[in-house]
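Chain and residue survey
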Amino acid sequence: MVGFWYEALSYILNIADKTTQSRKCNIFHLICKIKVDNQFEDSDSIMISNENQSEEVAEGGNEMSEATLLFQGHASMRIITAEGKVIYVDPFAGDGYDAPADLILITHGHFDHTQTGLITSKNADCRTITYTEALSGGRHQSFDLGYVNVEAVEAGYNKNHDASECVGYILTFSNGAALYLSGDTSTTPQMEELADRKLDYAFICCDGVYNMDVTEAIECAKTVGARHTIPYHMIPADKTNNFDQKVAESFEVPGRIILKPGEELVLEKAD
């Protein structure tokens, strides 16, 4: 914790001459919400979250170089890029759908991944990329949007999810941080190739009912080899009960992060 407060104070002093008093006060409310397993990761490397992120977006972007991910629960998340662009992935669970959308990503057509009506507003140039666009022509597509590069990757490979109708995504942000979202899936042939990508973060599903269980997901995480891995989609679809602490703790891999619904993660690029 000493390292955290030292870094926070240094940050405040560095920007003191170029920020408003209000924003300086907001910085003091940066809180550490992310639990990184101490047996794998030093506590000083924990990413911090900014509870005033929505205010930053309203003002036209943040002053950081990293994107911030809000985990909404189940497979749902909202990402606000360093440029202030708002990305929603598989809307279904949780809160935080009030920021106007710039990009909506859908991994497949099941109801617990497609509730776009929760998003209260969209910017005029908002783009929606579903598994249909992502698999156009029967091939996994890439989309360079400037503030993020979206690459569709393999997903499915079980009786509940046809690989021809499901995708995962790799999102690469302007700071170079790469985020892998497995989507609903079991082990895919492409996972072995992902190790060469040196991904910074990987969200891997592990519900064990409609997709692979924790044991298989652990092996997938080791294969993918991301710097940090976050278990998600841990139980079957339920808007009010979409996180299982025991399952999360049993997901024992190097660099594990346990992210609860409502918590944020700053997506940093490894040095």
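In this report, the structure presented in the accompanying data block is examined. (Residues numbered from 1 in each chain as written. Predicted model: local features only at pLDDT ≥ 70, side-chain atom pairs only at ≥ 80, totals over all residues. Heavy atoms only, no water.)

Here we look at helix α6 (residues 214-224)
- For α6, the set of buried residues is Val214, Ala217, Ile218, Cys220, Ala221 and Val224. Down the axis of α6, the smallest arc covering the buried residues is 160°, so these residues share one side. Of the residues in α6, the exposed ones pointing more than 90 degrees away from the buried face are Thr215 and Lys222.
- Lining the buried residues of α6 we find β10 (178-181), α5 (191-194), β11 (201-205), β12 (228-232) and α7 (245-250).
- Taking the backbone nitrogen of threonine 215 as reference, a side-chain oxygen 3.3 Å away marks aspartate 213 as the first, capping residue of α6.
- Within two residues after α6, glycine 225 carries a phi angle of roughly 70°, on the positive side. (Buried < 20%, exposed > 50% of the residue type's maximum accessible area, 1.4 Å probe, protein only. Helix = DSSP H or I, 4+ residues; strand = E, 2+ residues; numbered from the N terminus. Arc of directions from axis to C-beta. Contact = heavy atoms within 4.5 Å. Polar contact = N/O pair within 3.5 Å; in protein donor to acceptor, adjacent residues only side chain to side chain.)

Structural notes on the sheet that holds strand β3 (residues 76-80)
- One open sheet holds the 6 strands; their spatial order is β6-β5-β4-β3-β2-β14, and the pairing between them is mixed. Of all the strands in the sheet, just β6 (122-129) and β14 (264-267) have a single pairing partner and so form its edges. The mean inter-strand angle of the sheet, taken between neighbouring strand axes irrespective of direction, is 20°. (Pairing = 2+ DSSP bridges. Axes fitted to C-alpha atoms, helices over the stretch in contact; angles between N-to-C directions.)

Overview of the side chain of threonine 81
- Within the element layout of this structure, threonine 81 appears in the loop between β3 and β4 (86-89).
- At 3.0 Å, the side chain of threonine 81 and the side chain of glutamate 83 are in polar contact.

Considerations on the sheet that holds β11
- Ordered in space as β7-β8-β9-β10-β11-β12, the 6 strands form an open sheet in which the pairing is mixed. A strand with exactly one partner marks an edge of an open sheet, and here the two such strands are β7 (142-144) and β12. If you compare each strand with its neighbour and ignore which way they point, the axes differ by 15° on average.
- Bridging between β10 and β11 involves 3 bridges; their strand directions are parallel. For leucine 179, the partnering residue across the bridge sits in β11 and is tyrosine 201.

Some thoughts on the pattern of salt bridges
- Applying the stated criterion to the full structure yields 5 salt bridges.
- Two residues, arginine 197 and glutamate 151, come together in a salt bridge whose shortest N-O distance is 2.8 Å. Within this pair, whereas arginine 197 is found in the loop between α5 and β11, its partner glutamate 151 is found in strand β8 (residues 148-154), the two being separated by 46 residues in sequence.
- A salt bridge links aspartate 200 to lysine 269; the shortest N-O distance between them is 3.6 Å. Of the two residues, aspartate 200 sits in the loop between α5 and β11 while lysine 269 sits in the segment after β14, which places them 69 residues apart along the sequence.
- Sharing partners across several salt bridges, the network here consists of Asp200, Arg227 and Lys269. (Salt bridge = Lys/Arg side-chain N within 4 Å of Asp/Glu carboxyl O.)

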